[in-house]
Amino acid sequence: MGIKIPLDATQIMVKPVGSLCNLDCDYCYYKGAGVHVFDGQMSMMSLETFEKACKQYMDLSPNVPAIHWQGGEPTLRGVDFFRDAVDIEGRVLGKQFRIYERGIENHFQTNGTMLNDEWCGFFREKGFLVGLSVDGNSDMNRARVFREGREVYEGSIRSVGLLRKHGVDFNILSVVSKYNVSDSAGFFKFLLDNRIQYSQIISAKPKIGRSGFDEHSLGVEEYADFMKSLFDTWVEDDNPEIHINTIDDLLRVALGRTPMICESRPYCAGQVTIEWNGDVYPCDHNVTEDLRLGNVHDGCLADILRSDKYVSFLDRTAALDEECFNCSWMRICFGGCPRQRKDGEEKTYLCSGNKKIFEYVFTKMNEVFRGEGRFRDSRMRGFFVELKRDAERNPVE
Ligand code: SF4
Ligand code: SF4
């Protein structure tokens, strides 16, 4: 198969409460994952399980050790668990502290509704990077609701202020869904109004256990229009300090660098998921019984990641539509996320829209690079030129 497993590039996503959540968002892909996989047991990770996971992870000698805490809603595990978890990280690192001067990075994804001064003080003290899930203004955020149906927008926006007050590093994670897909300019305005410098956007994906398309999947054209118009708005705003992960990744590819987003890579490696009971899965969109790779209580993570099951999961080009091999966008698409392939199809259902996005964005990027028309003296052009120089100086990264 020829895939070299980059064990030292692996990061882990840890699920301290499985899929347990205080919200009931209608598009959530993880909803119920814990129920069908874990038979309804109370899904709370123990410190013993975390210590095993952490130790086995550090045994991989990761280049940049990073733990991504995610749910469900990880704050439901309580702040004391995370205080102890950080102590465990310190113990596990032990003598390696000199090698990993910055210690282990902790990334924490939350809906923000449970954040308070205690949580934010803890994040600041321990250097956590927080990802806040919010899809735009209150209208765009309507998919995100409490169990009794109440919308969560006010709580999420309140936590932006709290995080800022405590000086916590944070970004936002937004799902592109039917509630915001028709208003990319409004979405961008939301970023500006709330002084959000870093954001990640992902398209709604089908729930775990379903095939690559469901009632929350976006229309091909509407998603393409959203991305093209978001790129336009970003370029016209002329502020390179606003970072949106999908746009950053397209720029990286244009400069010959490796994309950061898993969907743009030739294989599905990089962030294995460890569930509350120690079960290991290849990624958190694939927490299904048939893709369970093992458990940190039974074996070591390095062996699990070298297993035939994991290796064959990784290579998403193994079964790929012939059209992809002849496609000029293969270097950034590789058939798209397998979770977005319809039954019996071997490329993403977003294929025709993706082609439009790539064509549009790369054409416009070239206009900016060349300084055509209004871009001649733009900040964006200066930014692109600087990135290009940097890529020429450091071509490998
Ligand atoms: S299945 Fe999709 S989400 Fe999971 S690693 Fe592959 S590309 Fe990423
Ligand atoms: S754009 Fe379509 S044909 Fe091209 S690599 Fe992606 S899925 Fe395949």
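The structure contained in this document is the topic of the report that follows. Keep in mind it's a predicted model, so treat the numbers as computed, not measured.

**Considering the overall build of the protein**
- Counting its secondary structure elements, the protein contains 14 helices and 10 strands.
- The C-alpha atoms of the protein give 21 Å as radius of gyration, which agrees with the globular expectation for 397 residues (21 Å, within 12%).
- If one aligns the C-alpha atoms of the protein with their principal axes, the spans along those axes are about 60 × 50 × 45 Å.
- With 397 residues in all, the protein has 39% of them scored as buried.
- Taking the intrachain contacts of the protein between residues at least 6 apart in sequence as the baseline, contacts between residues at least 24 apart amount to 72%.

**Points about the nonpolar core**
- Counting residues in each nonpolar core, the largest one holds 88 residues, and the members touching the most others are I12, A53, V130, V176, Y223 and V280.
- Residue contributions to this core peak at 7 residues, all from helix α7 (residues 220–237).
- Among residues more than four places away in sequence, those in contact with I12 are A53, Y57, I67, H68, Q271, V272 and I274.

**Notes on the site of ligand 2**
- In the neighbourhood of ligand 2, 14 residues make up the surrounding shell, with C324, C327, C333, K347 and C351 lying closest.
- For the shell around ligand 2, the secondary-structure elements that each account for two or more residues are α11 (322–325), α12 (330–333) and α13 (351–370).
- Examining the composition of the shell around ligand 2, we find that 3 residues originate from one element, α13, more than from any other.
- Class assignment for the residues of the shell around ligand 2 results in 6 nonpolar, 4 polar and 4 charged.

**What to know about the site of ligand 1**
- Within the structure, ligand 1 sits among C262, E263, C268, C283, H285, N286, C337, P338 and R339.
- Partitioning the shell around ligand 1 into residue classes produces 5 nonpolar, 2 polar and 2 charged.

**Quick word on the environment of L191**
- Residue placement: L191 occurs in helix α6 (residues 184–193).
- Separated by 19 residues in sequence, L191 and I172 have C-alpha atoms that sit 9.1 Å apart.
- With residues near it in sequence (within four places) discarded, L191 still touches I196, S199 and I242.

**Details of the packing of helix α2 (residues 47–58) against helix α3 (residues 79–93)**
- The interhelical angle for the contact between α2 and α3, taken along N-to-C directions, is 35 degrees, at an axis separation of 10 Å. Here α2 and α3 pass one another in a crossing that is right-handed. Taken together, the residues of α3 that come into contact with α2 (itself represented by L47, F50, E51, C54, K55 and M58) are D84, A85, I88, E89, V92 and L93.
- Residues that form the contact of α2 with α3 fall into these classes: 8 nonpolar, no polar and 4 charged.

**Here's the deal with the sheet that holds strand β2 (residues 66–69)**
- Spatially, β7-β6-β5-β4-β3-β2-β1-β8-β9-β10 is the arrangement adopted by the 10 strands of the open sheet, whose pairing is mixed. Across the chains shown, the open sheet's two edge strands, defined by having one partner strand only, are β7 (243–244) and β10 (294–295).
- Relative to β10, strand β9 (residues 279–281) runs antiparallel, the two sharing 2 bridges. Pairing of D279 across the sheet is with N295, part of β10.

**As for unusual backbone geometry**
- In this model, G71 is joined to G72 through a cis peptide bond whose omega is 10 degrees.
- In this structure, G72 sits in the loop between β2 and α3.
- The backbone phi angle of D238 is positive, close to 60 degrees, even though this residue is not glycine.
- Unusually for a residue other than glycine, F334 sits at a positive phi of about 50 degrees.
- Residue position: F334 is located in the loop between α12 and α13.
- In this structure F334 comes out as buried when scored by C-beta crowding, with 23 C-beta atoms within 10 Å.

**Concerning the environment of R374**
- Mapped onto the elements of the fold, R374 is located in the loop between α13 and α14 (379–393).
- Separated by 60 residues in sequence, R374 and L314 have C-alpha atoms that sit 44 Å apart.

Scoring rules and cut-offs
- Residues numbered from 1 in each chain as written.
- Chains lettered and ligands numbered in written order.
- Predicted model: local features only at pLDDT ≥ 70, side-chain atom pairs only at ≥ 80, totals over all residues.
- Helix = DSSP H or I, 4+ residues; strand = E, 2+ residues; numbered from the N terminus.
- Rg over C-alpha atoms; globule rule 2.2 N^0.38 Å.
- Buried ≥ 20, exposed ≤ 12 C-beta atoms within 10 Å, placed from the backbone.
- Contact = placed C-beta atoms within 7 Å.
- Core = buried A, V, L, I, M, F, W, Y, C linked by C-beta atoms within 7 Å.
- Near = placed C-beta within 6 Å.
- Nonpolar A, V, L, I, M, F, W, Y, C, P; charged D, E, K, R; others polar.
- Axes fitted to C-alpha atoms, helices over the stretch in contact; angles between N-to-C directions.
- Left-handed = near helix turned anticlockwise from the far one by under 90°.
- Pairing = 2+ DSSP bridges.

Any link to function would need more than the numbers given here.
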